[in-house]
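This is what each chain is made of:
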Amino acid sequence: MKNKSLVSITDYNRDEILRILELAAYFEANPVQTLLQGKVVATLFFEPSTRTRLSFETAINRLGGRVIGFSDANSTSASKGETLKDTIRIVSSYADLVVMRHPLEGSAKFASEQSRVPVINAGDGANQHPSQTLLDLYSIQKTQKTLDNLTISMVGDLKYGRTVHSLLMAMGHFNPTFNFIAPDELKMPNEYKRFCTKNKIKFTEKSDLNSVIDQSDILYMTRVQRERFQDPIEYEKVKNAYILRLSMLSNARPNLRVLHPLPRVNEINIDVDDSPMAYYFEQAENGVYTRMAIIASALGVI
Ligand code: CP
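Residues numbered from 1 in each chain as written. Predicted model: local features only at pLDDT ≥ 70, side-chain atom pairs only at ≥ 80, totals over all residues. Heavy atoms only, no water.

*Asks:* What is the right way to read the sheet that holds strand β9 (residues 257–259) from this model?
*Replies:* The strands making up a sheet associate through backbone hydrogen bonding, with each pair oriented either parallel or antiparallel. Here 5 strands make up an open sheet; going across it, the order is β7-β6-β5-β8-β9 and the pairing parallel. Both outer strands of the open sheet, β7 (202–206) and β9, are each paired with one neighbouring strand and no more. Between one strand axis and the next, the sheet turns by 20° as a mean value, whatever way the strands run. The strands that helix α6 (residues 162–171) touches are β5 (151–155), β6 (177–181) and β8 (218–221); relative to β5, the one it contacts most, it runs at about 165°. Lying on the sheet, helix α7 (residues 190–198) is in contact with β6 and β7; it crosses β7 at an angle near 145°. (Pairing = 2+ DSSP bridges. Helix = DSSP H or I, 4+ residues; strand = E, 2+ residues; numbered from the N terminus. Axes fitted to C-alpha atoms, helices over the stretch in contact; angles between N-to-C directions. Contact = heavy atoms within 4.5 Å.)

*Asks:* When you look at the sheet that holds strand β1 (residues 40–45) in this model, what are you seeing that I'm missing?
*Replies:* Here 4 strands make up an open sheet; going across it, the order is β2-β1-β3-β4 and the pairing parallel. Looking at which strands have only one partner, the edges of the open sheet turn out to be β2 (66–70) and β4 (119–124). The mean inter-strand angle of the sheet, taken between neighbouring strand axes irrespective of direction, is 15°. In this structure, strand β3 (residues 97–102) lies alongside β4, joined through 4 bridges in parallel fashion. Bridge assignment links Val99 to a residue of β4, and that residue is Ile120. Running at roughly 155° to β3, helix α3 (residues 84–91) makes contact with β1 and β3 of the sheet.

*Asks:* Help me understand a nonpolar patch on the surface, please; the structure alone is not making it clear to me.
*Replies:* Together, Ile68, Ile90 and Tyr94 line one region of the surface with nonpolar side chains, adding up to about 290 Å² of accessible area. With respect to the secondary-structure elements, Tyr94 resides in the loop between α3 and β3. (Patch = residues over 30% accessible without salt bridge, like charges linked within 9 Å, V, L, I, M, F, W, Y side chains within 5 Å. Areas by Shrake-Rupley, 256 points an atom, 1.4 Å probe, with all protein chains shown as cover. Salt bridge = Lys/Arg side-chain N within 4 Å of Asp/Glu carboxyl O.)

*Asks:* For this particular structure, what's the right way to read the side chain of Ser216?
*Replies:* With respect to the secondary-structure elements, Ser216 resides in the loop between α8 (210–213) and β8. Among the residues examined, Ser216 registers a relative accessible area of 0% and is labelled buried. At a separation of 2.7 Å, a polar atom in the side chain of Ser216 contacts the side chain of Ser153. (Buried < 20%, exposed > 50% of the residue type's maximum accessible area, 1.4 Å probe, protein only. Polar contact = N/O pair within 3.5 Å; in protein donor to acceptor, adjacent residues only side chain to side chain.)

*Asks:* Explain the packing of aromatic side chains to me, please; I cannot follow it from the model alone.
*Replies:* Tallied over the full model, the rule gives 7 aromatic pairs. On the numbers, 5.7 Å between centres and 20° between planes, the contact of Phe178 with Phe180 is stacked. An identical accessibility class is assigned to Phe178 and Phe180; each is buried. Ring plane angle 70° and centroid distance 5.6 Å describe the contact between Phe229 and Tyr235, whose orientation is recorded as edge-to-face. (Phe/Tyr/Trp six-rings, centres within 6.5 Å; stacked < 30°, edge-to-face > 60°.)

Printed below as a string of structure tokens:
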């Protein structure tokens, strides 16, 4: 996978996904490395981030590499009108790898076409978040001991939630059953339902969260993404659509784990945090090991 950009989760086939998960397990057991000695990685964050940026930067440091970049585009020449094309052209002459988050869908693909070095998509608008998906898969595999034949209930903002879009496509390799739980305004977009139909992936669409909990192996909660709404009144209507509380897990399967890409607002009540079924903080930690695997693979250093 040397010099291979990761723009969409579909850039990796099943074997490549499994190889990343195997490498992530290796890096979890062996987190201090020198594989990136002499390498520079640029992290370009045109949108806010806590986990993705800091776990990528931790991963680079743990691999022995150096980081350049920014977390606020207002501090860069983009604020003076410099184009993304020019920014990528310049940065890719400084760094061996570019990690980029940008609000525009398709920006990561565009950047990969302009760049002299591989580009990792750290989230492009409501489109894709493939490194999140790989850490989600790693978390699912760790907790369920398999990726095959699982029932995954995706809850909340399925329209704008790029993490559910990428996860749905990746799980397509592993014969999942999906329950899509969303208010009418935030339903799973038709293109992803068509993907399921085309690939013979079973799914249901429901509005009642309680009706799917006892059938699920994974409950994948998501935040309603206020920043993607044009009309604040529309956001107000749906912002409290689903709130998971500890009492709702009383009939859950013992293996059920609650995942969330985070940040959360109020969609998981804090009384869930101490439940053995809550896995979202460990999930975020798994991001470091998975991103070590993604970086090492993209640079061909392992
Ligand atoms: N999961 C995720 O993308 O979190 P951040 O927005 O904090 O990076």
